[in-house]
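Residue strings, one per chain:
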Amino acid sequence: MNNLCRCLSKLHIKSAIMKRYMVIWGALFFLVMFSSLYLMLETVSTANKPTELNTHELDNIEGKIQRIEEDLMKNHETIKEIKDTVRKIGKGGAVSLDQLKDVLDRHKDSDYGGNVGGKVGVVKMNQIKFQERKDKTVVKDLTIPTDMCLLADAPEAKTDYKLTDVFEKNSFTDVDGGVWKQGWPITYDNSQWSKRSLKVFVIPHSHTDPGWLKTFMEYYRQQTKLIFENMIPKLEEDGRRKFMYAEMSFFSLWWDEIDIGKKERVKKLIENGQLEIVTGGWVMTDEANAHYFAMIDQLLEGHQWLDGTLGVKPKSGWSIDPFGYSSTMAYILREADFSNMLIQRVHYSLKKYLAKEKALEFMWRQQWDQEGSTDIFCHMMPFYSYDAPHSCGPDPKICCQFDFMRLPNTKFRCPWKLNPLPITEGNVAERVNLLIDQYKKKAQLYKTDTLLVPLGDDFRYDTAGEWDLQFQNYQKMIDYINHHPELKIEVHFGTLSDYFNAVYERTNVEEGGRPPQVPTLSGDFFTYADREDNYWSGYYTSRPFYKNLDRVTEVHLRAAEIIYTTALGYARKHASSNFPSVAFMKFLVDARRNLGLFQHHDGITGTSKEFVVADYGKRLVESINNMKKLIAECATYLSVEDKAKYSYTPSSPIFNIDELRKNHDSLPEKNVLMLTNEPSPVLMYNSLTHVRQHVVKVYVSSPYVEVKDPSGEVIQSQVEPYWTDKEKIATDIFKVSFVAEVPGLGISCYYIKQVTENDNPKNTLSFVTIYHSTSTTPANIKPFPLDIKTHSEDFTIENDYLKISFTEGTSMLKTVNRKEDEEEHKVSVEFVEYSTRRSGDKSGAYLFLPEGVAKPVPTLSPFTRIVRGPVISEVQVFTHTVNHVVRLINSPGTEGQSVDMYNIVDIRQQIDKEIAVRITTDIKNEDRVFYTDLNGYQMSRRKTYDKLPLQANFYPMPAMMFLEDSNTRFSVLSAQSLGCSSLQQGVMEVMMDRRLSHDDSRGLGEGVKDNKATPNRFKFLIESRKGSKPPSKTELRFPSLLGHLTSAHMLGSFFVLPQYKNSKLMALTTSVRPLDVDLPCELYMLNLRTMQNKDDSDALKYVPKETAAMILHRYGIDCSYPAKSLTCYTNGGKVAFAKIFNDLKMLEVKSMSLTLMYERENLDMEALTTVKPMEINTFKVTFRSSET
């Protein structure tokens, strides 16, 4: 009876609940239909107004109609889902009431009173409410699917040698090893070759720096050209001779000058294996400071040049002079389908450690690679240098005697005063025995019975005499050795591939495979030391002005490549003969090569002569200015409604570039938009592949402005003064800031006009506060409100996400409060400086040799300005050496989640000082472990060791570093490459500039004294770990998705293109949307590069091909941290090529090797292609040339 009562009671309750949900469903149905009808009537009434509509208004109406269609469809689907769920419950289906509630919750904001069709409504920003809009993009927090997080949670790669472990085990003691000073006495047993002789390859080479002590062109004219001119006849004299060359920047220059006959002779030398092109990049790239975009781009430029002219596809990497090595480069070469590589400049103590283990040859594996798919066979040279004295064996005074360019009456000598002797019949036996003893000792350091012996040095073989001396004397010894089998050794001239092929053949392994007993290794080889405590951590920061210029060039080149390819596609679609495709292709090719040239290991490193650095800088600035012009003109073409009316007139463009760099050593000057009461269009270009909301700043001629977005609505703006001095402002230049929204790879047109004072309530004049005024007369900055404080006090600025406080007296950052979780974090900033040693070796362009720890730079009572407003608030602090700005951006996008720090560093009044910014946090990073990025591509674990000198604990930071503990991660994101460290728990130091009077005895012959007023920019990102998930126990780390995108957004700011003064406007579309579907958050379009035609054809050189290289990189993501304030989605790195673009149709897509040397497969463009985490994949895309 009790059970029956309980059942009746449950039925009664269920019936009541059912009735309640039926009422809810009915009300919801009525509300949805009513809202939809209202929207339709409102739009129709607007459309029927008897006024003449311009293009702008038509676009607005068209957008409303499209939104109605979307809303009706969405409402239909919503009602259907609710009805189906209620029906199942009514029929007693196994569907709970909770599920119905879930359906209602998911759709309650789909149309009414909140978000419309996934579009955001009110965007609240710090007391300013933006007008409700139904066409704004959702800014949301993403939940990343678990299957996208597997890489970060997986164990790191299993390898025989992990360099972080080697650092722990190695004592780094510097014991004198005798003739091999950094090694040990080597002995051998001749019987080890009783079954098979030692096979030796002598490899003639010349290392040619594209700039160092001379400029690129000076080196070419005076030395490198002579190497090539002598190479042809001297190799032709004897088919047994071999030669190897690497840098295509020089080779292409020479190729353009020689006649067809010489070109055919060169091709024949390559075909018969006498001449090998190794690596084949534009330069031998630096691997510490260079960003992976530029590293790939210079390799791609070299490979495309080779493929288009010589038909050559290099297989082996040759990197003998960069000052330390990144595993990123190993990955790049492997993805380019290289089989092998060689490196040289590795810390002498690590070389000794690996040599003792016979592990100088290894399969270099990426630390995140579980399968070994990234393995590449790597040979490490064992001794001090790549020159001849340090190449044949452990005793340099003996090896020097076999560099025959050091014979009497030549320009070189052996420092050990034991000079070479010409080889004769009378002394060949004695000389051979002396030489092969070194060969056999060197062979003890490797596990195979094949030996590589380089024969060359910087700019060698530039005279016919050297070719004769080296080849003739060596050939006599080679002939003697090979005719005496009892020596158990055979010797040949060879190339790098000859050596590796012999290793594979003798170990019965296919090319690129893992020879038996060769170990696997993971990690990178930083920081390099060549002797004693001489660590090469200074070049991470040397010439930071040009490191910043490098990143600016890179950002402009990438954006220009993408918008050019897009505009070219539309020009072909519309048969626009007036689009300047050839002129712009020349701009691009020149910029690719100028940026590539600067990646040279004496370029971006800042280790060249002053006048050489200036030459690099002039090339970069020329390319930056050209890329700006290209971007502005392509944006103009894409925005013009009637493409047939477009014409290219370089002297009178419609849209201006945002800024101009007049000289290689000057900061950019902003162009000012001259306002009238007529709206002036300003184009915004977004080079990233997802829609973004981003704060832009336009320089204008009036403080009273009105800004309209592409839909014609007036939006919130903030105007701040343009300062001409600490307390003086310009009366005709102002800065207006506002949040712009631009589609992925798209363009939005905003309009700005001058209005009368108080005419636009949505325009706010910034409020200015001044501390520590030094003026004797009151400041007048009208019309801006001003408060001059006569006393010191703590103060704050804030946005919707963060509130940050500053210290009384110094005005430096003190804490960061995250409003969402009400957590306050200690984040104090101060400037510190290092002094160079007073005696012994001193800091120079390469070396960092400080006199103890850094000392704080006094900053008591600095002049301080605080500018507050609804869009931007910032603190500007002026110290003796740094103009320091800390900024909060009030944007619904990623910008609002981080603290922006911008400095202009000027130490031209200092000498023998190195200045850094020190950030002290409350992060409790155990064992002083921190993480720095490698080339902006991956993170590497670092640890500060007391057993190493201070300078050894500094590492390169091209883009990012972070500390973390069990709860929080603190990241410093950098817009330029600099050196960094974490010498104490919770503390980070980033070097900003160095001014040094001394040469550091590494060949440069001068200090670093050409300092400039140098900009640098950083973002501080504080993230709390989600839930109770502990940090990974492995050493593998990845940035969060927010970290990745914050960095990408910082570098990829919108390009702002104001109307050119007095330009004649054409009818413009308010928004250009090339993408049909945005790419997911985790996919980064590294490039969309239109392919160049035959470089050695005058007729075709700058005629663009119909193919483009689309390079996609899928981020590795740490899902432990929330993905906040994003406007993109995730889908596991999938893309359907046929659905990427709106109007540009693809004929075919092929999967290629990284630099397009090898085709992998034809892809189904309709199917989804998946890019795996961390992978960089290249696709060759062929676009349809016209509507037909």
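Just above, that's the structure.
Residues numbered from 1 in each chain as written. Predicted model: local features only at pLDDT ≥ 70, side-chain atom pairs only at ≥ 80, totals over all residues. Heavy atoms only, no water.

S.K.: Can you walk me through the overall build of the protein in this structure?
M.R.: Of regular secondary structure, the protein possesses 19 helices and 58 strands. Residues counted as buried form 64% of the 1188 residues belonging to the protein. Contacts in the protein between residues at least 24 apart in sequence constitute 76% of all its contacts with a sequence separation of at least 6. Carbon and sulfur atoms form 51% of the exposed surface of the protein, whose accessible area is close to 44500 Å². (Helix = DSSP H or I, 4+ residues; strand = E, 2+ residues; numbered from the N terminus. Buried < 20%, exposed > 50% of the residue type's maximum accessible area, 1.4 Å probe, protein only. Contact = heavy atoms within 4.5 Å. Areas by Shrake-Rupley, 256 points an atom, 1.4 Å probe, with all protein chains shown as cover.)

S.K.: Mind showing me how you'd approach the environment of L213 here?
M.R.: By the element assignment, L213 lies in the loop between β7 (198–207) and α6 (216–236). A C-alpha to C-alpha distance of 7.2 Å links L213 and V612, two positions 399 residues apart in sequence. Here L213 is in contact with Y219, K609, F611, V612, G1003 and L1004, once residues within four sequence places are set aside.

S.K.: Just to check I follow, could you spell out the sheet that holds strand β45 (residues 968–974) for this structure?
M.R.: In sheet architecture, strand pairing relies on hydrogen bonds along the backbone and comes in two forms, parallel and antiparallel. The strand order across the open sheet formed by eleven strands is β30-β29-β36-β37-β38-β39-β48-β45-β44-β41-β42, and the pairing between neighbours is mixed. Each edge of the open sheet carries a strand with a single partner, namely β30 (786–788) and β42 (938–943). Going across the sheet, the axis of each strand differs from the next one's by a mean of 20°, ignoring polarity. Two elements, strand β41 (residues 929–934) and strand β44 (residues 960–964), share two bridges in a ladder whose sense is antiparallel. In the strand pairing of β44, Y931 is matched with F962. Here helix α19 (residues 1041–1051) sits on the sheet and contacts β44, β45 and β48 (1014–1024); the angle it forms with β48, its principal contact strand, is near 160°. (Pairing = 2+ DSSP bridges. Axes fitted to C-alpha atoms, helices over the stretch in contact; angles between N-to-C directions.)

S.K.: Looking at this structure, I do not really get empty space enclosed by the protein. What am I missing?
M.R.: If you roll a probe as big as a water molecule over the atoms, it shows you where there is empty space left. The tally for this structure, following the rule as stated, stands at 18 cavities of 30 Å³ or more. The wall of the largest cavity is formed by 26 residues, among which H291, Y292, S1047, A1048 and L1051 lie closest to the centre. If you list the elements that add at least two residues to the lining of the largest cavity, you get α9 (292–309), α16 (544–573), β42, α19 and β51 (1083–1090). Looking at the lining of the largest cavity, its residues break down into 14 nonpolar, eight polar and four charged. The space that makes up the second largest cavity amounts to roughly 240 Å³. Lining of the second largest cavity is provided by 18 residues; of these, L163, T164, D524, S940 and R941 occupy positions nearest its centre. Of all elements in the fold, only α5 (163–169) and β42 reach the threshold of two or more residues within the lining of the second largest cavity. Broken down by element, the residue count for the lining of the second largest cavity peaks at four residues, all from β42. Of the residues in the lining of the second largest cavity, the class split is six nonpolar, five polar and seven charged. (1 Å grid on protein atoms, 1.4 Å probe; cavity = no way out; pocket = protein on both sides within 12 Å on 5 of 7 lines; lining within 4 Å. Points joined across faces, edges and corners; volume = space filled by probe spheres on them. Nonpolar A, V, L, I, M, F, W, Y, C, P; charged D, E, K, R; others polar.)

S.K.: Help me out: how do you make sense of the state of the cysteines in this one?
M.R.: One way to say it: the disulfide is the covalent bond shared by the sulfur atoms of two cysteines. Overall, the coordinates contain four disulfides when judged by the stated rule. The residue that forms a disulfide with C392 is C399, at a sulfur-sulfur distance of 1.9 Å. When the S-S torsion is -90°, as for the bridge of C392 with C399, the disulfide is left-handed. Given the relative accessible area of 4%, C392 is considered buried. C399 sits in the buried class, given a relative accessible area of 1%. (Disulfide = S-S within 2.5 Å.)

S.K.: Hey, could you run me through the packing of aromatic side chains in this one?
M.R.: Centre distance and the angle of the planes are the two values used to describe a pair of aromatic rings. Taken as a whole and assessed by the stated rule, the structure comprises 63 aromatic pairs. Measuring from centroid to centroid gives 6.0 Å for F362 and W364, while their planes differ by 75°, and the two rings are edge-to-face. Consider the rings of W364 and F525, whose centres lie 5.4 Å apart with planes at 70°: the pair is edge-to-face. Of the two residues, W364 sits in strand β12 (residues 361–364) while F525 sits in the loop between β16 (520–522) and β17 (529–531), which places them 161 residues apart along the sequence. Under the relative-accessibility criterion, W364 is labelled buried at 0%. What links up through ring pairs into an aromatic cluster is the set F323, F526, Y528, W536, Y539, Y540 and Y846. One Lys or Arg, R460, reaches over the ring of F412 and ends 4.4 Å from the middle of that ring. (Phe/Tyr/Trp six-rings, centres within 6.5 Å; stacked < 30°, edge-to-face > 60°. Lys NZ or Arg CZ within 6 Å of the ring centre and 35° of its normal.)

S.K.: Explanation requested: the pairing of strand β46 (residues 978–981) in the structure shown.
M.R.: Residue alternation in β46 divides its side chains into two sets, L978 and C980 and G979 and S981, and both sets are buried. As paired elements, strand β43 (residues 955–957) and β46 share three bridges and run antiparallel to each other. In the strand pairing of β46, M957 is matched with L978. As paired elements, β46 and strand β47 (residues 987–995) share two bridges and run antiparallel to each other. Across the sheet, S981 pairs through a bridge with E989, a residue of β47. The hairpin formed by β46 and β47 contains five residues between the paired strands, and G986 there has a positive phi angle of roughly 80°.

S.K.: Looking at this structure, how should I read the packing of α6 against helix α14 (residues 464–482)?
M.R.: A packed helix pair is summarised by two numbers, namely the angle formed by the two axes and the spacing between the axes. It is at 9 Å that the axes of α6 and α14 come closest, and there the two elements cross at 45°. Taken together, the axes of α6 and α14 lie oblique to each other. Here α6 runs over α14; the crossing is right-handed. In this structure, α6 uses I227, N230, M231, K234 and L235 to contact α14, whose residues at the interface are A464, W467 and D468. Partitioned by chemical class, the residues of the contact of α6 with α14 number five nonpolar, one polar and two charged. (Parallel < 35°, antiparallel > 145°, perpendicular 65-115°, else oblique. Left-handed = near helix turned anticlockwise from the far one by under 90°.)

S.K.: Is there a simple way to explain the side chain of Q367 in this structure?
M.R.: With respect to the element layout, Q367 can be found in the loop between β12 and β13 (376–380). Looking at Q367, its side chain comes within polar contact range of the main-chain oxygen of M939, at 2.5 Å. Not counting residues within four places of it along the chain, the set of residues in contact with Q367 comprises E156, A157, S522, Q938, M939, S940 and L1036. (Polar contact = N/O pair within 3.5 Å; in protein donor to acceptor, adjacent residues only side chain to side chain.)

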